[in-house]
Amino acid sequence: MSQPTGVILRRYAHCVIDRLLLVVALLIFLVLSLIVVALVPRGTGRTVTAYGIAGLVLALLIAGSWAMEVWIPHRWLGGTPGMRWVGLRVVTEHGETPALRAYMIRWLMMVVDGYLFGLVGALAIAFTPRHQRFGDMVARTLVVRR
């Protein structure tokens, strides 16, 4: 299955949209959390509350990333909100809907694709024959136009 023209730029755009959605949600949570910490009287566990919230923000960052990259595409038949916005979806190399396992592999491989602020994945998308990042190659998936 060959990649139609314009998929590369759409892939970059969907990454930006998805990351912005995640960051905005986390910033809203963080601002609300800071208000809660400010309302806690001094000497009554303000530091413990702040550390607890910091841990929760980290956990929400991981959970949000997992939800955005694994659960939502699995439930929405192949697309994150950003992918849907720009008209993309994930399919197997045979054109079928990927299993949850494939989405998990793609997400875990973000460790490699995300090096140098995503430059490694971006270069892989730009220079591989089927415009796949490393996560797509390992999971045997493609990102195509809907």
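Residues numbered from 1 in each chain as written. Predicted model: local features only at pLDDT ≥ 70, side-chain atom pairs only at ≥ 80, totals over all residues. Heavy atoms only, no water.

Draft legend 1. How the structure looks around unusual backbone geometry. Positive phi is not limited to glycine here, since His131 has a value of about 55°. In this structure, His131 sits in the loop between helix H6 (115–127) and helix H7 (134–139). The buried category is assigned to His131, whose relative accessible area is 18%. A positive phi angle is found at Arg140, which is not glycine, with a value near 60°. Relative to the assigned elements, Arg140 resides in the loop between H7 and strand S2 (141–145). (Helix = DSSP H or I, 4+ residues; strand = E, 2+ residues; numbered from the N terminus. Buried < 20%, exposed > 50% of the residue type's maximum accessible area, 1.4 Å probe, protein only.)

Draft legend 2. Fine view of the nonpolar core. By size, the foremost hydrophobic cluster in this structure holds nine residues: Val7, Val70, Met83, Val86, Leu88, Val90, Tyr103, Trp107 and Val143. Contributing elements (two or more residues each) for this core: helix H3 (81–86), strand S1 (88–92) and helix H4 (100–108). Once you skip the residues sitting within four places of it in the chain, Val7 turns out to touch Leu88, Val143 and Arg145. (Core = buried A, V, L, I, M, F, W, Y, C linked by side-chain atoms within 4.5 Å. Contact = heavy atoms within 4.5 Å.)

Draft legend 3. Representation of the pattern of salt bridges. If you walk through the whole model with that rule in mind, you get five salt bridges. Among the salt bridges present, the one from Glu69 reaches Arg19, with a minimum N-O distance of 2.9 Å. One end of the pair, Glu69, is in helix H2 (residues 46–75); the other, Arg19, is in helix H1 (residues 7–39), with 50 residues separating them in the sequence. Note on Glu69: relative accessible area 7%, which makes it buried. Taking the relative accessible area as the measure of exposure, Arg19 reaches 31% and is therefore partly exposed. (Salt bridge = Lys/Arg side-chain N within 4 Å of Asp/Glu carboxyl O.)

Keep in mind that these numbers describe shape and distance, not what the molecule does.
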